[in-house]
Every structure is written in C-alpha cells, then in structure tokens.
Amino acid sequence: MSRNLIFYTARGDDGTTTRLGGRKRLRKDSLLMEVIGTVDEASAAIGVARAALAEAEARECLHGVQERLIRLMGHLSATPEKRTKYRGMTAEDIAWLETQIAALGDGLPPLREFVLPGSTPSEAACHLARTIVRRAERRLLTLMAEEPSIDVENLAFLNRLSSLLFVIALREREAQR
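Residues numbered from 1 in each chain as written. Predicted model: local features only at pLDDT ≥ 70, side-chain atom pairs only at ≥ 80, totals over all residues. Heavy atoms only, no water.

### Brief notes about the overall build of the chain
Operational definition: By definition, any uninterrupted DSSP run of H or I lasting at least four residues is a helix, any uninterrupted run of E lasting at least two residues is a strand, and each is numbered from the N terminus. Contacts between residues were defined by any pair of non-hydrogen atoms, one from each residue, lying within 4.5 Å. For the accessible areas, the method is Shrake-Rupley and the probe is 1.4 Å, while residue cover comes only from the protein chains on display. Think of it this way: Lys and Arg go in the positive column, Asp and Glu in the negative one, and His and the chain ends go nowhere. Note on charges: their place is set at NZ of Lys, CZ of Arg, CG of Asp or CD of Glu.
Per the secondary structure count, the chain includes five helices and two strands. Each helix (α) and strand (β) of the chain, taken in turn from the N terminus, gives the series β-β-α-α-α-α-α. For the chain, the spread of C-alpha atoms along the three principal axes comes to 55 × 45 × 30 Å. Pairs at least 24 apart in sequence give 68% of the contacts found in the chain among residues at least 6 apart. When the accessible surface of the chain is split by element, carbon and sulfur atoms take 53% of a total near 10300 Å². When the 26 positive and 24 negative side-chain charges of the chain are each reduced to one mean point, those points stand 5 Å apart.

### Section: the layout of surface pockets
Under the convention used in this document: A cavity here means a set of 1 Å grid points, computed over protein atoms only, where a 1.4 Å probe fits but cannot escape. A pocket is an open set with protein on both sides within 12 Å along at least 5 of 7 lines, and lining residues have an atom within 4 Å of a point. Grid points are joined across faces, edges and corners, and a volume is the space filled by probe spheres set on the points. Polar here means any residue other than Ala, Val, Leu, Ile, Met, Phe, Trp, Tyr, Cys and Pro, which are nonpolar, and Asp, Glu, Lys and Arg, which are charged; Gly is therefore polar.
Of the voids in this model, the largest pocket is the one considered here, and its volume is about 160 Å³. Arg 19, Lys 24, Leu 26, Leu 32 and Glu 147 are, among the 13 residues lining the largest pocket, the residues nearest its centre. Breaking the lining of the largest pocket down by element, the ones donating at least two residues are helix H1 (31-52) and helix H4 (121-146). For the lining of the largest pocket, the per-class residue count stands at four nonpolar, three polar and six charged.

### Some points on the packing of H1 against helix H2 (residues 56-77)
Filter applied, for reference: Axis definition: a line fitted to C-alpha atoms, limited for helices to the stretch in contact. Angles are taken between N-to-C directions and run from 0 to 180 degrees. Angles are sorted into four bins: roughly parallel if under 35 degrees, roughly antiparallel if over 145, roughly perpendicular if 65 to 115, and oblique for all others. Helix crossings fall into two classes, left-handed where the near helix is turned counterclockwise from the far one by less than a right angle and right-handed where it is turned clockwise.
Two numbers describe how H1 lies on H2: the axes approach to 10 Å, and their chain directions differ by 165°. Taken together, the axes of H1 and H2 lie roughly antiparallel to each other. The two elements H1 and H2 meet at a crossing, and its hand is left-handed. From H1, Leu 32, Val 35, Ile 36, Val 39, Asp 40, Ser 43, Ile 46, Gly 47, Ala 49 and Arg 50 reach across to H2, where they touch Arg 59, Leu 62, His 63, Val 65, Gln 66, Leu 69, Leu 72, Met 73, Leu 76 and Ser 77. Here the residues of the contact of H1 with H2 are counted per class, giving 12 nonpolar, five polar and three charged.

### Considerations on the nonpolar core
We count it as follows: Put simply, buried Ala, Val, Leu, Ile, Met, Phe, Trp, Tyr and Cys residues joined by side-chain atoms within 4.5 Å make one nonpolar core. With a 1.4 Å probe rolled over the protein chains alone, any residue whose accessible area is under 20% of its type maximum counts as buried; one over 50% counts as exposed, and the rest are partly exposed.
Membership of the largest hydrophobic core comes to 43 residues, with the highest contact counts inside it found for Ile 46, Leu 62, Leu 69, Leu 140, Leu 158, Leu 161 and Leu 164. Those elements that place two or more of their residues in this core are H1, H2, helix H3 (91-105), H4 and helix H5 (152-175). With near-sequence residues (within four places) excluded, Ile 46 lies in contact with Leu 62, Val 65, Gln 66, Leu 69, Ala 129, Val 133, Leu 161 and Leu 165.

### Brief notes about the packing of aromatic side chains
Where we set the bar: Stacked, tilted and edge-to-face pairs are distinguished by plane angle, under 30 degrees for stacked and over 60 for edge-to-face with tilted covering the rest, among Phe, Tyr and Trp rings (Trp via its six-membered ring) whose centres lie within 6.5 Å. Definition used: whenever NZ (Lys) or CZ (Arg) falls within 6 Å of the ring centre and also within 35 degrees of the ring normal, the charge is taken to sit over that ring.
Per the counting criterion, the structure on display carries zero aromatic pairs. Cation over ring: Arg 68 sits above Trp 96, and NZ or CZ is 3.7 Å from the ring centre.

### Some remarks on the side chain of Arg 83
Here is the rule: Whenever a nitrogen or oxygen atom comes within 3.5 Å of another N or O atom, the pair is scored as a polar contact, on the condition that within protein one atom can donate a hydrogen and the other can accept it, and that pairs from neighbouring residues in sequence are kept only if both atoms are in side chains.
Within the element layout of this structure, Arg 83 appears in the loop between H2 and H3. Residue classification places Arg 83 among the buried residues on the basis of a relative accessible area of 2%. In terms of polar contacts, Arg 83 uses its side chain to reach the backbone carbonyl oxygen of Ala 78, at 3.2 Å.

### Some words on the environment of Thr 17
Here Thr 17 shows up in strand S1 (residues 16-17). Separated by 14 residues in the primary sequence, Thr 17 and Arg 3 place their C-alpha atoms 27 Å from one another. Contacts of Thr 17, omitting those with residues within four sequence positions, involve Lys 24, Arg 25, Leu 26, Lys 28 and Met 33.

### Some words on the packing of H4 against H5
Relative orientation of the contacting elements H4 and H5 amounts to 165°, with a least axis distance of 8 Å. Here H4 is positioned roughly antiparallel relative to H5, judged by the angle of their axes. Read as a crossing pair, H4 and H5 show a hand that is left-handed. Looking at the contact of H4 with H5 residue by residue, the classes come out as 15 nonpolar, five polar and six charged.

The following block contains the structure:
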C-alpha cells in the first residue's frame, strides 16, 4: 500500500516560521533564521566536499561534523527557555575537532605561501565550505549579543571547524602534488 507523504505545511508562505518550543511567529529573514540558514548552507557545502573526497578518514570526519551541525541548528532554533533541552556544541565537540585537525594535519608541510583554492574540485569544495562556516561564525557572533543564552562553545566550534576544513583542503592539495 502506497502512502503519500506531504512535504510542506504552507504555514510559512507568509514569510514567517516558529522556533522549537515556541508559538510566536518570526520572520524568516530575522538574524536568528539567517544564522540557522547559514549553518544549514555550511552543512550542505560540507556534504559536497565530503562527496568529492577520496580519503575515507576525511569523509568520516566530515560526516561527524554534519551530525553536530544538525544538533547546533536544533539548539539555535529552540526558544531561549527551551534551549537547554536541545544541546548545542560542547567542550567535548571542540576537543573532538581539535583531535581531528591534529590527526589530519599530521605530516603536512609548512605553508610558505598563501593558498589559492582550486587545485582540485575536492580542495575547492573544502575552501568554499570553510568560507561559509566563517560567515556562519560571524553571524552567530552578532546573534549572541541579542541572545546571551547561546553558549560560546557554539562559536568556538565553528571557529575550529573552519580550521579543520582548511587542513582537509591542504591534504587534498598535497595529494595532487
């Protein structure tokens, strides 16, 4: 028996949405929705990079990153009163990223010049994802001034994530030399 699923509600046709745990409608172009949308965009770009990578270790790492970004979007989507129910990034998540950066960066030669993205499609995809993560980081910083219940670990995670993407891009570049 086939069952038709409905993939829309039409409640957002007026340009508004709701937060997790909230009833009040907010505009989709609000700063909060801009941050969540940018994190979502970063996750999609990381997915493109992950799909282009040949190395299983880096692909698995980026899969773990995407799972954490979904959790971050849930945390940000929650009303300040409900935010503790939807855990954001933690010191453990940051330590995990730092471990990944160290492992994936091991053996890379020192940089002697600025990096021009585009030596391979996978390297370019990592750099594109990195710049989107940086934008998410900047927008989150602005949002944190309005919503002090957002922990600084969320910002630190995005900061480390851009470093991880840089390291993976360098690995891709070095693999082509």
